[in-house]
Structures are given as structure tokens and as C-alpha cells.
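In case you want the letters, here they are:
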Amino acid sequence: MAKNCGNPAKLHITYGITIINNTTAMKDFIISPNPSNGKFSLSLSNCMEYDFIAYIFTLTGSLVYESSINFANGRNSRQIDLHNLPDGMYFIFLRGKADFFTQKIVVSHQVVEHSY
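Parameters at a glance
Residues numbered from 1 in each chain as written. Predicted model: local features only at pLDDT ≥ 70, side-chain atom pairs only at ≥ 80, totals over all residues. Heavy atoms only, no water. Core = buried A, V, L, I, M, F, W, Y, C linked by side-chain atoms within 4.5 Å. Buried < 20%, exposed > 50% of the residue type's maximum accessible area, 1.4 Å probe, protein only. Helix = DSSP H or I, 4+ residues; strand = E, 2+ residues; numbered from the N terminus. Pairing = 2+ DSSP bridges. Axes fitted to C-alpha atoms, helices over the stretch in contact; angles between N-to-C directions.

Colleague: Please clarify how the nonpolar core should be interpreted in this entry.
Modeller: In a soluble, globular protein the nonpolar side chains are often hidden away together inside. The biggest cluster of nonpolar side chains holds 19 residues, and the ones touching the most others in it are Phe29, Ile92, Leu94 and Ile105. Elements represented by at least two residues in this core include exactly β3 (29–32), β4 (39–44), β5 (51–58), β8 (88–95) and β9 (100–107).

Colleague: Got a minute to help me understand the sheet that holds strand β7 (residues 77–81) in this structure?
Modeller: Across a sheet, strands are paired by hydrogen bonds formed along the backbone, either parallel or antiparallel in direction. Spatial ordering of the open sheet is given by β3-β4-β7, a layout of three strands whose pairing is antiparallel. Every other strand in the sheet has two partners, leaving β3 and β7 as the edge strands with one partner each. The mean inter-strand angle of the sheet, taken between neighbouring strand axes irrespective of direction, is 20 degrees. Note that β3 and β4 share four bridges and pair antiparallel. The residue bridging Phe29 from the neighbouring strand is Leu44, located in β4.

Colleague: So what exactly am I meant to see when it comes to the pairing of β4 here?
Modeller: Moving residue by residue along a regular strand, the side chains alternate between the two faces of the sheet. Between β3 and β4, which pair antiparallel and follow one another directly, the connecting turn spans six residues, one of which, Gly38, has a positive phi of 125 degrees. In terms of strand pairing, β4 meets β7 through five bridges, oriented antiparallel. Each bridged residue has a counterpart across the sheet, and for Leu42 the counterpart in β7 is Arg78.

Colleague: Would you mind showing me how to read unusual backbone geometry here?
Modeller: Leaving glycine out, the prevailing phi sign among residues is negative, and the prevailing peptide bond configuration is trans. The step from Ser32 to Pro33 runs through a cis peptide bond, and the omega angle for that step is -15 degrees. Its location among the elements puts Pro33 in the loop between β3 and β4. Here the residue pair Asn34 and Pro35 is connected by a cis peptide bond, since its omega of 15 degrees sits within 30 degrees of zero. Structurally, Pro35 can be placed in the loop between β3 and β4.

Purely spatial values, then, with no claim about function.
And the structure:
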């Protein structure tokens, strides 16, 4: 039986943006670094679903990014590049057939990218 790792515990709708408060789901969906200069890594764990669509919205609800993401074959991390977006706070929504994740991200071009 598939684990429903992104099923929201609480759902609030404000100005067309959906906010999910689910501590378990937040541990399963990690975005780093955050804040970032626009280059983010999306990591997903403990989920049986592989195909997602990533949507990124401004605080006013305008869609600024949309992309299909596949986490199959043990690859649980994907890179997204938002360097073309202006500095600010955004919402990222990762939607699959049964699972749904959301987090706030911050783009700040003053953040220095580190290589380790």
C-alpha cells in the first residue's frame, strides 16, 4: 500500500494560494538552500509517488514557474533554477496524483552560492 506522505493535515485557502500545515510532509519535502540566489535543490523522501508537477507562485498568486519532475529510479533530488526571478518570497507546490507538498522559498541575489 502506498504511503500518502503529502496528505494535508490542515488546509487554508487565501487569495487563491493553498497553504498546507503538515509537519510530516515538511520533513519529506526539503528545499535547500533557502534562501538562495535562485538555484534550489528539491529533495523528496518517504513517498511512493514519482511523477510530480512543480508550480511556483508569487505571494499575489501569479504563476512564475511550472515544470514536470520525476523522482524515479532512486533519484530523490532535483535542481531548479530560478535565478531569473526577482528577489522575494514565493510558494512552491509539488503536486502528484495522490501527494501534495508546499513550502515557502526565498530568492535573494545577494546570497552567495557555496561549493562543498
